Every structure is written in C-alpha cells, then in structure tokens.
Amino acid sequence: METVRRKSLLYRSGLGFWCLNHVQGCAHGCRYPCYASLMARRYGRAKDDAEWRRPRLVEDAVDLLERELSRKRGRLDVVHLCLTTDPFMVGYPEVTASSLALVERLNAHGVRASVLTKGILPLELADARLDRRNVLGISLVSLDEGFRKRFEPGAAPYSERIAALERLHAAGCRTLVHIEPYPTPNIVKQDIRPLLDTVSFVDELYFGGWNYSPLAGAYADRDAFYREQGRIVRAFCRERHIRGTVDA
Ligand code: SF4
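Below: a short report on this structure. (Residues numbered from 1 in each chain as written. Predicted model: local features only at pLDDT ≥ 70, side-chain atom pairs only at ≥ 80, totals over all residues. Heavy atoms only, no water.)

Points about the overall build of the protein chain
Put simply, the rule is: For helices the rule is a DSSP run of H or I covering at least 4 residues; for strands it is a run of E covering at least 2, with both sets numbered from the N terminus onward. Just to be clear, the radius of gyration here is over C-alpha atoms, and the globule rule we use is 2.2 Å times residues to the power 0.38. Working definition: with a 1.4 Å probe on protein chains only, accessible area under 20% of the residue-type maximum means buried, over 50% means exposed, and in between means partly exposed. Note on contacts: a residue pair is in contact if any heavy atoms of the two residues lie within 4.5 Å. Where accessible areas are quoted, they stem from the Shrake-Rupley method and a 1.4 Å probe; at the residue level, only the protein chains shown are allowed to cover. Only four residue types enter the tally: Lys and Arg on the positive side, Asp and Glu on the negative side; His and the chain ends are excluded. Where a charge lies is defined by one atom per residue type: Lys uses NZ, Arg uses CZ, Asp uses CG and Glu uses CD.
The helix and strand tally for the protein chain stands at 9 helices and 11 strands. For the protein chain, the C-alpha radius of gyration of 18 Å lies close to 18 Å, the compact-globule estimate for 248 residues. The principal-axis extent of the C-alpha atoms belonging to the protein chain is close to 50 × 40 × 30 Å. Out of the 248 residues belonging to the protein chain, those deemed buried represent 51%. Looking at the protein chain alone, contacts between residues at least 24 apart form 74% of all its contacts between residues at least 6 apart. Accessible surface computed for the protein chain: about 11900 Å², of which carbon and sulfur atoms make up 49%. When the 38 basic and 31 acidic side-chain charges of the protein chain are each reduced to a single mean position, those positions are 4 Å apart.

Shown next as structure tokens:
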C-alpha cells in the first residue's frame, strides 16, 4: 500500500471534536458526493476520483500519535476515527491493522475512541485490552443493495456491516448506527422502519438528512419528509431506550 508523510495526526474538527485521519483518500468512493473527496480535490490532495480512491496510509501513524498524546496529556477525552477517510476500508487490511493499533494507543492513554465505518468492524475491537466506553459505529442509510452499489460502490454490503456491529454488541461493546445522509424518495423509495428494526440492538443512533447534493434539494416535499422521518426515529428511540439524535 502506498504511504504519505504527515507532521501531525490529531486535530480539532470544525464540528468541535478531536479526530484523526491516518489515511489519505478512500476506496469506498461514495457518490453522495463524499465531502472529504470534494475538499481533497479542491485543495490539491487528489486530482480526480481515481486518485481519491487510491488510499495512502500515513507513515508511522502510531509513533506520531504516541508523541502527540504525550504532549496533550490529560487534555483529550475522546478522539474520532475518521472524518475524511474510512478506518475499516474494504480490501485494505493495512488500514484495519493501523486503526486497531491507533485505538489501542488512545485507550492506553485513557482516551476513548469513537469509530465510524462503511466497512466491517473487526471483532478485535471487543478485545479486553480496549476501553469498553469506545463507541463503535456503522453508517447505514438503506437496506437496498442497489442503492449501495450506486452510491457507496466500494463499501461493504449492508448485511455484513450490520452483522459485524451486532457481533460487537453481543460482545458487550457500545454500538452506534449513523443514518446520514438519509435519501429522499426521489433518490430511493424506502420505508425507514425495517432499517430501524434491523439495528434495534444499538445503544446510540444518529439521523441526518442528505446535503451537498442538488438531488435531495430537488424533492419538493423535502422538509415535510425529513420532519416525518425525524418523528418516526424519535419515537423508535424512545420505545427502544436508544440514545437518539435527530438532525434533519
Ligand atoms: S466512506 Fe466516507 S470517506 Fe470514504 S468515500 Fe465514503 S463518505 Fe467518503
């Protein structure tokens, strides 16, 4: 796998939380479009889609993190993996190995990890050496594989993502489902309820609308649609005692 050099890994995102991205690019090639890919092309880190989909691993990421954690001792509570790539990228075991090593380093310094993927969460995340307060999440906006192949062509099939999350839940880990960007009916016709039922075991749920694309904006009843989906999601979370956030 190709590599890239970085001077630092940890940064506070514009969303207010700490995160790290130990890979440049992402083989999943999402077409919502992917905001990280748009930014990479705007700032010259990838010249086109093909280059974005050829991921490069940050060299010595664990050593880099170790040095930064020592300098920031006691100032971090939780670090998110990742905002501009996927920590468990399909087809790249080197990325998975690096992500596991980084989570282990964070936890060794008393820092929790939150991870989010469209790949397969490995069972090693339930290892007894790791912090049980880590939040392990998958992105999931549909159960329709036709939709997945169109918009998340390189990502893991939905059933495999869900099965991996459920295994970690059964092993006692804290799990999250991130339902964003949820598509409007002009993109795919679907009922959100079967999707919610499939992940009813999770501890946390985030629901958000579809941005960065004129597609969802073109749906005349967009606001009413998201109001209704939000109502369904809130009721579901209340019934199942799931910590839910609706942002749509
Ligand atoms: S998985 Fe995330 S980072 Fe990778 S292409 Fe999709 S949206 Fe972008």
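Side note on helix α1 (residues 35–42)
To keep things clear, this is the line we draw: Note: the arc covers the axis-to-C-beta directions of the helix.
Buried within α1 we find Ala 36, Ser 37, Met 39 and Ala 40. Along the axis of α1, the buried positions cluster into a sector of 160°, meaning they face one direction only. Buried residues belonging to α1 abut α2 (49–52). Backbone geometry just after α1 places Gly 44 at a positive phi near 80°.

Comments concerning the pattern of salt bridges
Basically, it comes down to this: What counts as a salt bridge is simple: a side-chain nitrogen of Lys or Arg found within 4 Å of a carboxyl oxygen of Asp or Glu.
This model, assessed by the stated rule, comprises 18 salt bridges. Among the salt bridges present, the one from Glu 51 reaches Lys 47, with a minimum N-O distance of 3.5 Å. Residue classification places Glu 51 among the buried positions, given a relative accessible area of 17%. Across the salt bridge formed by Glu 51 and Arg 56, the nearest N and O atoms sit 3.5 Å from each other. Residue classification places Arg 56 among the buried positions, given a relative accessible area of 19%. One network of salt bridges, with partners in common, ties together Glu 66, Glu 104, Arg 105, Asp 127 and Arg 129.

Let's talk about the sheet that holds strand β9 (residues 174–179)
Worth spelling out the cut-off: At least two DSSP bridges between two strands are required for those strands to pair. All axes here are fitted lines through C-alpha atoms, helices being fitted over the stretch that makes contact, and every angle between N-to-C directions spans 0 to 180 degrees.
Pairing is mixed in the open sheet, where 8 strands are placed in the order β2-β3-β6-β7-β8-β9-β10-β11. For this open sheet the edge positions go to β2 (10–12) and β11 (243–247), each flanked by a neighbour on one side alone. Strand after strand, the sheet turns through a mean of 20° between neighbouring axes, direction not considered. Judged from the 4 bridges that link them, strand β6 (residues 78–81) and strand β7 (residues 112–117) form a sheet pairing that is parallel. Looking across to β7, one finds that Val 79 is bridged to Ala 113. Each of β10 (204–208) and β11 touches helix α9 (residues 222–240); the most contacted strand, β10, lies at about 175° to it.

Some points on α9
The condition is simple: By this rule, a helix spans an expected 1.5 Å times one less than how many residues it contains.
Here α9 spans 27 Å end to end across 19 residues, near enough to the 27 Å set by a 1.5 Å rise per residue. Turning to α9, its buried residues are Phe 225, Tyr 226, Gln 229, Gly 230, Ile 232, Val 233, Phe 236 and Cys 237. End-on view of α9: buried residues confined to an arc of 165°, all on one side of the axis. Exposed and facing more than 90 degrees away from the buried side of α9 are Asp 223, Arg 227, Arg 238 and Glu 239.

A word on a nonpolar patch on the surface
Put simply, the rule is: Each patch is built from salt-bridge-free residues with over 30% relative accessible area, joining like charges within 9 Å and nonpolar side chains (Val, Leu, Ile, Met, Phe, Trp, Tyr) within 5 Å.
The grouping of Tyr 35, Leu 38 and Tyr 212 at the surface amounts to a nonpolar patch, some 310 Å² of accessible area in total. For Leu 38, the position within the fold is in helix α1.

Some thoughts on the site of the ligand
Quick reminder of the rule: Nearness is defined per residue: one heavy atom within 4 Å of the molecule or strand is enough. Basically, the charged four are Asp, Glu, Lys and Arg, the nonpolar ten are Ala, Val, Leu, Ile, Met, Phe, Trp, Tyr, Cys and Pro, and anything else, Gly included, counts as polar.
Taken together, Cys 26, His 28, Gly 29, Cys 30, Cys 34, Trp 52, Thr 85, Asp 86 and Lys 118 make up all the residues around the ligand. Across the shell around the ligand, the residue classes break down as 4 nonpolar, 3 polar and 2 charged.

Structural notes on the packing of aromatic side chains
Quick reminder of the rule: Stacked, tilted and edge-to-face pairs are distinguished by plane angle, under 30 degrees for stacked and over 60 for edge-to-face with tilted covering the rest, among Phe, Tyr and Trp rings (Trp via its six-membered ring) whose centres lie within 6.5 Å.
The final tally for this structure, using the stated rule, is 9 aromatic pairs. When the ring of Phe 151 is compared with that of Trp 210, the centres are 5.2 Å apart and the planes differ by 85°; the resulting orientation is edge-to-face. Here the residue Phe 151 occupies a position in helix α5 (residues 145–151), and Trp 210 occupies one in the loop between β10 and α8 (214–217), the gap between them amounting to 59 residues. Of the two residues examined, Phe 151 and Trp 210, each falls in the buried class. A connected cluster of aromatic rings, assembled from ring pairs, spans Tyr 182, Phe 207, Tyr 219, Phe 225 and Tyr 226.

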